Amino acid sequence: MIQFLLNNEMIELKSFAPSLSILDWLRTNMGRAGSKEGCASGDCGACTVVVGDLINGQWQYKSINACLMLVGNLHGKHLITVEALTTKVDPTLEDLHPVQRAMVECHGSQCGFCTPGFIMSLFALYMNHNQYPGKEAVIQALGGNLCRCTGYQPILKAAKKCFSYPKQAAQNISHQDHRFSQQVSVLTETLKKALLANQIPMLEEGDQHFYLPQNLSQLCALKASHPQAQFVAGATDLSVEFSQRLSYNNKLISVRYCPELMQFNEDQQGLHIGAALPYSEFLERFCEIYPESHELFERLGSLQIRNAGSLGGSIANASPIGDPAPLFIALNANIELQSCRGQRVIALADFFMDYRKTQLADDEVIVAIHIPKRETTLQLSCHKISKRIEDDISAVCLVLSYQLDNDKMHNVRCAMGGMAATPALAKNVAKALNGQILNLENLQHAAQQIDVDFQPLSDVRASSTYRLQVSKNLFDRIWFQALGKIQLKQNTQISSAIQTRIHHEAL
Ligand SMILES: Cc1cc2nc3c(=O)[nH]c(=O)nc-3n(C[C@H](O)[C@H](O)[C@H](O)COP(=O)(O)OP(=O)(O)OC[C@H]3O[C@@H](n4cnc5c(N)ncnc54)[C@H](O)[C@@H]3O)c2cc1C
Ligand code: FES
Ligand code: FES
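Since we're looking at a predicted model, the values are computed, not measured. (Residues numbered from 1 in each chain as written. Chains lettered and ligands numbered in written order. Predicted model: local features only at pLDDT ≥ 70, side-chain atom pairs only at ≥ 80, totals over all residues. Heavy atoms only, no water.)

Undergrad: Is there a simple way to explain the site of ligand 1 in this structure?
TA: Near ligand 1 you find 37 residues, and of these Phe231, Thr236, Asp237, Tyr279 and Ser310 are the closest. Glycine 234 is positioned with one of its backbone polar atoms (N or O) 2.9 Å from an oxygen atom of ligand 1. Here an oxygen atom of ligand 1 and a backbone polar atom of glycine 313 are 3.4 Å apart. Secondary-structure elements contributing two or more residues to the shell around ligand 1 are strand E8 (230–232), helix H8 (238–245), helix H12 (311–317) and strand E16 (365–372). In terms of residues, the shell around ligand 1 owes the most to one element, H12, which gives 4 residues. Class assignment of the residues belonging to the shell around ligand 1 gives a composition of 18 nonpolar, 12 polar and 7 charged. A domain split of the shell around ligand 1 shows at least three residues from each of domain 1 (2–84 + 175–257) and domain 3 (260–500). (Near = heavy atom within 4 Å. Polar contact = N/O pair within 3.5 Å; in protein donor to acceptor, adjacent residues only side chain to side chain. Helix = DSSP H or I, 4+ residues; strand = E, 2+ residues; numbered from the N terminus. Nonpolar A, V, L, I, M, F, W, Y, C, P; charged D, E, K, R; others polar. Domains from an automatic or database assignment.)

Undergrad: Please clarify how the nonpolar core should be interpreted in this entry.
TA: General note: in soluble globular proteins, nonpolar side chains tend to be found buried as a group. Core analysis: the largest hydrophobic core is formed by 73 residues, its most contacted members being Trp25, Phe286, Leu327, Phe328 and Ile371. Top element by residues in this core is helix H13 (residues 324–330). It accounts for 5 residues. Two domains each provide a minimum of three residues to this core, namely domain 1 (2–84 + 175–257) and domain 3 (260–500). When sequence neighbours within four positions are dropped, the list of residues in contact with phenylalanine 286 reads Phe264, Leu271, Ile273, Ser293, Phe297, Leu327, Phe328, Leu331 and Ile371. One finds Met103, Cys106, Val138 and Leu156 within the second-largest nonpolar core, a separate group that totals 36 residues. (Core = buried A, V, L, I, M, F, W, Y, C linked by side-chain atoms within 4.5 Å. Buried < 20%, exposed > 50% of the residue type's maximum accessible area, 1.4 Å probe, protein only. Contact = heavy atoms within 4.5 Å.)

Undergrad: I tried to follow the side chain of aspartate 323 on my own but got confused; where do I start?
TA: Take aspartate 323: it is sitting in the loop between H12 and H13. Classification of aspartate 323 by relative accessible area gives buried; the value is 7%. Here lysine 384 takes part through its side chain, which lies 2.8 Å from a polar atom of the side chain of aspartate 323. Here serine 394 takes part through its side chain, which lies 2.4 Å from a polar atom of the side chain of aspartate 323. Each residue touching aspartate 323, except ones within four places of it in the same chain, is listed here: Leu296, Leu300, Lys384, Ser394 and Cys397.

Undergrad: Would you mind showing me how to read the layout of surface pockets here?
TA: Where empty space is left can be seen by rolling a probe of water-molecule size over the atoms. One number sums up the size of the second largest pocket: a volume of about 930 Å³. Lining the second largest pocket are 32 residues, with Asp53, Leu54, Lys77, Arg256 and Tyr257 sitting closest to its centre. Among the elements that make up the lining of the second largest pocket, the one with the highest residue count is helix H6 (residues 178–196) (5 residues). Classifying every residue of the lining of the second largest pocket gives 18 nonpolar, 8 polar and 6 charged. Three or more residues apiece are contributed to the lining of the second largest pocket by two domains, here domain 1 (2–84 + 175–257) and domain 3 (260–500). (1 Å grid on protein atoms, 1.4 Å probe; cavity = no way out; pocket = protein on both sides within 12 Å on 5 of 7 lines; lining within 4 Å. Points joined across faces, edges and corners; volume = space filled by probe spheres on them.)

Undergrad: When you look at the side chain of lysine 62 in this model, what are you seeing that I'm missing?
TA: Its location among the elements puts lysine 62 in strand E4 (residues 58–65). Here lysine 62 falls in the buried class, since its relative accessible area comes to 14%. In terms of polar contacts, lysine 62 uses its side chain to reach the side chain of glutamate 281, at 2.6 Å. In contact with lysine 62, not counting residues within four places along its chain, are Val49, Val50, Val51, Asp53, Ala124, Pro278, Ser280, Glu281 and Asn307.

Undergrad: So what exactly am I meant to see when it comes to empty space enclosed by the protein here?
TA: All chains considered together, the criterion is met by 2 cavities of 30 Å³ or more. By volume, the largest cavity amounts to about 40 Å³. Contributing to the lining of the largest cavity are Ile139, Gln140, Gly143, Glu298, Gly301, Ser302, Leu303, Arg306 and Glu390. At the level of secondary structure, the elements contributing two or more residues to the lining of the largest cavity comprise helix H4 (135–142) and helix H11 (303–308). Split into classes, the residues belonging to the lining of the largest cavity amount to 2 nonpolar, 4 polar and 3 charged. Computed from the structure, the second largest cavity encloses a volume of approximately 30 Å³. Looking at the second largest cavity, the residues that line it are Ile64, Asn65, Leu68, Met69, Gly234, Thr236, Gln304, Ile305 and Ala308. Counting only elements with at least two residues in the lining of the second largest cavity, the list comes to E4 and H11. It is H11 that contributes the most residues to the lining of the second largest cavity, 3 residues altogether. In terms of residue class, the lining of the second largest cavity is made up of 5 nonpolar, 4 polar and no charged.

Structure representation (structure tokens):
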């Protein structure tokens, strides 16, 4: 059985198909049709709901695509749907939640189909900020919501205006309610008891099962006895398989309830990121250490996708166009795999074998990704080429890392996505750059080696010729980026030799 809160109601579910999405459950089983289905694949945001996790006694809320998240993964959580924002039958403007009122007053809705999704994304933003967080934060919050008729200006205005109303107008949301507090106590007690009794919560229907192991040893034992079962973390890849390809697995094992897979640690060796940790829970710290990767991650899906998706899911999925793999291969990361047979750690660069084939054995799980401590001389350059800025998968992704010593590049690693059947190192490019002076000529010369390293395919995202050309062009961009950095430091560290070269390149 699983238990969670829907608005301020306790829900207990026992018998359900493991592949059921929250959206299907809400609309079909619960008759709550406020959350809309536009695309059923995470692209439009019409289904956005808010999901809360109780962390150290505090609820932390995030926007999620209900069409992707599976009902089983709601265990122990608080699901808020658009129906809960205003409970009055015939509300006045003042009765509405501030985000709803602002959308009305700013004319943020026309046909209204996308509106519940926008409202819930804005509601998550509102819950997480005491005051207007600025246009950038709003654009991030709404990057996964599409509107075909209103135009975005009125919605952006509403996002600002909702913070101008008195804060107490938000109090009709369920957790101000006494009944809600009681339900939370019941829920936490039940979860504690199940944990102490070493029980594995699950949903089942016929021969279909959704298991929620509570620790790594339970998880490995389950996988050993059901080698064909599939792991599920955020389900942002898996649910698309269900909804678009109608390809289901009868047995799913959630990796989200094992603390061992949900950690983020920093020590002398470097960073250790739990494979099941959602992106949004580690990106802030990660990007403080690797600010060069900020844009790459900001453009990974939408906020709803980053609130659900995990590194383990991306790496296990082994998509040739996943964005994290080139970055972590360039950073020389290792991945930790575990099964009942024991643990092994392998280089991420060696993990991918062929199109969607990896070294992961049937009984193994990815536990964590280990990234070596950043050297002060490390330079990093990350580039994503996609048709849209927000919420779009790469046609090409290129990450170059190197150490700069006396103006020369050493330990060069160049990893690319979208160029082969798997994310891969551009070994000849790296060879051509190692030991060379950092300048445009050497970068352009090395870029020609891309033809030796890769023979990319043509597909809906880009042609082979485009992929080859754009990835070579990125080496010009890498130079201009480096030039910018060098010029910033011009008066401090830069050697006169490099200054002379910049002068010549600029001419
Ligand atoms: C609208 C949309 C936009 C997207 N945009 C991008 C983008 O811009 N860039 C990008 O890179 N990706 C993008 N994705 C893909 C996806 O979000 C990522 O690949 C994500 O990291 C997958 O993680 P997950 O936790 O959701 O994986 P899941 O869907 O839960 O799992 C994916 C696969 O990994 C397996 N798995 C999960 N965890 C583990 C584990 N710990 N050990 C072993 N196997 C495991 C599962 O069995 C499954 O086969 C997008 C997806 C959508 C729907
Ligand atoms: S229905 Fe489009 S994102 Fe869920
Ligand atoms: S109001 Fe019609 S799609 Fe947004």
